[in-house]
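For reference, the chains in residue letters:
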Amino acid sequence: MKPEYWDGYAYPEDDKKLWISFSSGPDGKVIILISKYDMTPVNGPREIPCYSAVAGDWKDRDDVIADANNLADTIIREKML
């Protein structure tokens, strides 16, 4: 899978705790970033905690999303979010 732009979504959909983003990296691998969900408006840059960054050889968008959701569930459980 080689998306031409970053794609992302809030997770879980009914109780947004994390933001999951993914895109292809420079070497063609897919990169998944999982960070804190925070839609607070700000002026200028700010830091948002990144809980996980993973690169892999996924070929299908649905597989990326399934694996990202599983990883997000683990983060939510372990960090008690």
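Refer to the structure presented above.
What you see is a predicted model; the values in this text were computed from it and never measured.

Asks: Explain the pairing of strand β1 (residues 7–11) to me, and be specific about the residues and the numbers.
Replies: Residues in a regular strand point their side chains to alternate faces of the sheet. Most of β1 sits inside the fold, with four of its five residues counted as buried. Summarising the sheet, β1 and strand β2 (residues 18–24) pair through five bridges and their orientation is antiparallel. Counted as the bridge partner of Asp 7 is Phe 22 from β2. Two successive antiparallel strands, β1 and β2, enclose a turn made up of six residues.

Asks: I'd like a description of a negative patch on the surface, backed by residues and values.
Replies: A cluster of like negative charges, contributed by Asp 60, Asp 62, Asp 63 and Asp 67, occupies part of the molecular surface. In this structure, Asp 67 sits in helix α1 (residues 61–79). Residue class for Asp 67 comes out partly exposed when judged on its relative accessible area of 38%.

Conventions we followed
- Residues numbered from 1 in each chain as written.
- Predicted model: local features only at pLDDT ≥ 70, side-chain atom pairs only at ≥ 80, totals over all residues.
- Heavy atoms only, no water.
- Buried < 20%, exposed > 50% of the residue type's maximum accessible area, 1.4 Å probe, protein only.
- Helix = DSSP H or I, 4+ residues; strand = E, 2+ residues; numbered from the N terminus.
- Pairing = 2+ DSSP bridges.
- Patch = residues over 30% accessible without salt bridge, like charges linked within 9 Å, V, L, I, M, F, W, Y side chains within 5 Å.
- Areas by Shrake-Rupley, 256 points an atom, 1.4 Å probe, with all protein chains shown as cover.
- Salt bridge = Lys/Arg side-chain N within 4 Å of Asp/Glu carboxyl O.
- Lys, Arg positive; Asp, Glu negative; His and termini not counted.
- Charge placed at Lys NZ, Arg CZ, Asp CG, Glu CD.

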